[in-house]
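Structural characterization, general
Residues per chain are reported as follows:
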Amino acid sequence: MEKRPLKGTSAIALSVSPSYQAFGDQQSSQNSANGNQHRGFSMSSDDDMIDITTTGTVTERSIHYDDPGTSHLPGVTYCMGDGEGESLCYQRTSILQHVAADGDEIPGIGQYEDFHTIDWQRDIARDRMRHRYIVKRRQNSLFDLVKGAHDAWSGWVCVLLVGLTTGVVAGVIDIGASWMSDLKYGICPSRFWFNREQCCWSSNETTSFETGNCSDWLTWSEVLGQSRTGAGAYIISYLMYIAWALLFASLAASLVRMFAPYACGSGIPEIKTILSGFIIRGYLGKWTLIIKSVGIMLSVSAGLSLGKEGPMVHIACCIGNILSYLFPKYGRNEAKKREILSAAAAAGVSVAFGAPIGGVLFSLEEVSYYFPLKTLWRSFFCALVAAFVLHSINPFGNEHSVLFFVEYNNPWIFFELVPFVGLGIIGGVIAAIFIRANLYWCKYRKTSKLGQYPVTEVLIVTAVTAVLAYPNPYTRMSTSELIYLLFRKCGVTNTDDLCDYNRNFTDVKSAVDLASAGPKVYRAMWLLVLALIFKLLATVFTFGIKVPCGLFIPSLCLGAIVGRIVGIGMEQLAFNYPHIWVFSGECSTMKDCITPGLYAMVGAAAVLGGVTRMTVSLVVVMFELTGGVRYIVPLMAAAMASKWVGDALGSHGVYDAHINLNGYPFLDSKEEFAHTSLAADVMQPKRNETLSVLTQDSMTVEDVETLMKETEHNGFPVVVSRESQYLVGFVLRRDLNLALAQARRAVEGLRPSSLVLFTSNSPQQPPQPGTPAPLLLKNILDMAPITITDQTPMETVVDMFRKLGLRQTLVTHNGRLLGVITKKDVLRYVKQLDNEDPNSVLFN
């Protein structure tokens, strides 16, 4: 319905935002003496004041049509709305017949600008009010009943769609990355869309990790007319490996630079910041989703020291953000949207590792800031659906949905807890070295000219990685293949150098005996040591370049290498000294009492735990990842030891460290505020400085616009008067701008000299002819802002910001307003006390 300017009025009330009062609350404003002032709507005579209601989220202030006490009063506004976008207001006067507003509210009200933090309390209150209105209307008609049911199940439908889409996207990424990775080595001429393993399945031949060839699979030397082996074939394969790696890396970097700059990196630091209530427009958009999905396949295929598992969390959150707009309950409410994003993060880990329970715990422990119980249930459901879809697609080509399924199930010896804890300590040390080195390099990249040439840096890192990786078979193969090789148990069919033991297999079904290691085992161990050094250095320089790159798989690889080396050492110790008291029981019969693959698994968990500082979710992810349920205790021991060592050598995990490096406004709930200071020490402005405020009934439109031009504050306290400074409420700058812009378009008679009133009281006397009508903006006013006294300890203030998700709090003394503390002020103060640059906090 078209909006029409309203004439013949002496005052104009513009209702632009839902009030924070719930249904059934009593409005403080009472009927005036002439009986014409009613529930947030006031008049000085029958037709002196017009209320243009533009909000469809109807509160009790606008639902007057069923009030028997006022249903026949002339001049009273009656509003009927569905809460989703349509409201109809009409007034029983001879002057006006109908006044309607299309749209659920002024566009942008309740939303936030880019690089601003959200107000959790405000958004949750808006959702509760919307929900109460829908519940109240359910008994009116069948349509309202269906609408209420849809509102109730929309959350489950949304996470169902997120899980389905995430599973499909993950399957496509896994298949595409596997196929493109094998393109560096050769091609399957009969079916070019097959990767190397699938090509060899069709010929019923098996491949080894070192050669990886069968008759149907042609290496590039064979495609070019050379033999499969020899110096010429080696050189051709070497050059093709480098060429394909550079091609894939350049494509990934170019796509990121041209279409989606936010698609680079892991994404988990930014996801943590977004889930804590920060707005980064475009970070979870459709272009980021497309480029990140394609780019992660390309960067993994390039052979860089990175993984696709971390970026899967970012990809899943992009899917969750896009699909949430199908449900206005979540798409239009930033606090509610973060419930969907938490479930999406769980689905991302679920499809990355085939670990749905670990995904839920990862979302709870590592990334989510607000995680109510219903979000836990929906995250579990979303992760379950995503894992089921991925298992149905079967991208790994086996009956297992996990990446590194292990076949062994041998019991571990109690004494082995000592080397397991030792692996945890080693893992913590390696993680601390990696984090410090990577942070140093990332800081250098930001402050030097290197950061101005991101594509060149990607190509240099790729070229160096490819040149150094190819000669070593353990760095030439993909990182996932290497981890699976290190986790495996040596058996009859294993031909890798790691399984070159002096065993005499007489019965395939019998247990594998302990045996002395052959020369190839020691050669393989030296190659693994070189691979460890290379992977550590390569990951330091790779994590942070401008391509999608994850850190889970490289961390698992580093730990698996260390663990396998320690496991082989323990195995040979048990073989050579079986009668030592620690081995005398289980190893005295020379059976397979030591499993080197188990040590690789524990070492992988140790390094990953040290890098990310995960504990509970890490253990669950690891035993889901491998199927080794009986090894929970060794994994727990290594994870705890790694975390303790990592915390002793550095206070932050890699994701928190990158949050601090980038200056994201993240208040970590795990940190304690140990400084003794008061709210008066942090508030803005300082004592004896002027505070920018609005008065409730003495400022004109011109005064308000001048104040906004002269200041950059994101909100303004409203006080009774500049002399008294008693607090009335708080209004956001964005809402004020939108309200004034809407008033200029929708009403006539608005002048710069028009009074702006933040009260429900009408002028005491009818305006004189020619006097501009006042503008009522009480409905954009938060009349219940969070307030503290100037003597409140900062420990309490920081806890309030963390646990309530505050955007700002007002500081008072004896009821008089003194200043404001924003989240930015808290973060800057904490950095200042920690001897860091307070201006590094990223805020608009």
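The rules behind these values
Residues numbered from 1 in each chain as written. Predicted model: local features only at pLDDT ≥ 70, side-chain atom pairs only at ≥ 80, totals over all residues. Heavy atoms only, no water. Helix = DSSP H or I, 4+ residues; strand = E, 2+ residues; numbered from the N terminus. Contact = heavy atoms within 4.5 Å. Expected span 1.5 Å × (residues − 1). Phe/Tyr/Trp six-rings, centres within 6.5 Å; stacked < 30°, edge-to-face > 60°. Buried < 20%, exposed > 50% of the residue type's maximum accessible area, 1.4 Å probe, protein only. Lys NZ or Arg CZ within 6 Å of the ring centre and 35° of its normal. Pairing = 2+ DSSP bridges. Patch = residues over 30% accessible without salt bridge, like charges linked within 9 Å, V, L, I, M, F, W, Y side chains within 5 Å. Areas by Shrake-Rupley, 256 points an atom, 1.4 Å probe, with all protein chains shown as cover. Salt bridge = Lys/Arg side-chain N within 4 Å of Asp/Glu carboxyl O.

- By the naming in an unreviewed UniProt entry, the protein chain is Chloride channel protein, taken from Frankliniella occidentalis.

Things to note about the environment of Pro-596
- If you trace the backbone, Pro-596 turns up in helix α19 (residues 596-612).
- Taking the C-alpha atoms as reference points, Pro-596 and Ala-560, 36 residues apart in sequence, are found 10.0 Å from one another.
- Leaving out residues up to four positions away in the same chain, Pro-596 has contacts with Gly-563, Arg-564, Gly-567, Ile-568 and Glu-571.

Things to note about helix α21 (residues 632-649)
- End to end, α21 covers 26 Å across 18 residues, agreeing with the expected 26 Å (1.5 Å per residue, within 8%).
- Contacts made by the buried residues of α21 are with α13 (417-447), α19 and α20 (616-626).

Topic: the packing of aromatic side chains
- One pass over the full model with this rule turns up 21 aromatic pairs.
- Where Trp-120 meets Tyr-370, the ring centres are 5.3 Å apart and the plane angle is 55°; that geometry is what we call tilted. Of this pair, Trp-120 sits in helix α1 (residues 120-137) while Tyr-370 sits in the loop between α11 (356-367) and α12 (373-393), and the two are 250 residues apart along the sequence.
- Since its relative accessible area comes to 32%, Tyr-370 is described here as partly exposed.
- Consider the rings of Phe-353 and Phe-552, whose centres lie 5.4 Å apart with planes at 75°: the pair is edge-to-face. A residue pair is termed long-range when its members are at least 10 positions apart, and Phe-353 in helix α10 (residues 334-353) and Phe-552 in helix α18 (residues 552-576) qualify at 199 residues.
- For Phe-552, a relative accessible area of 3% gives the class buried.
- Through successive ring pairs, a cluster of aromatic residues spans Tyr-185, Tyr-234, Tyr-238, Tyr-241 and Tyr-470.
- When the ring centre of Tyr-726 is taken as origin, the NZ or CZ atom of Arg-816, which lies over that ring, is 5.8 Å away.
- Over the face of the ring belonging to Tyr-369 we find Lys-823, whose NZ or CZ atom lies 6.0 Å from the ring centre.

A few points about the sheet that holds strand β11 (residues 727-732)
- As summarised here, the arrangement of the three strands in space is β8-β10-β11, forming an open sheet in which the pairing is mixed. The sheet is open, and its two edges are formed by β8 (694-695) and β11, each paired on a single side.
- One ladder, built from five bridges, connects strand β10 (residues 715-719) with β11; its direction is antiparallel. Residue pairing for β11: Gly-715 is matched across the bridge by Leu-732.

Section: a nonpolar patch on the surface
- Together, Met-258, Phe-259, Trp-287, Ile-290 and Val-294 line one region of the surface with nonpolar side chains, adding up to about 500 Å² of accessible area.
- When contributions to the nonpolar patch are tallied by element, the ones reaching two or more residues are α5 (231-259) and α7 (286-301).
- Locating Val-294 in the fold gives a position in helix α7.
- For Val-294, a relative accessible area of 32% gives the class partly exposed.

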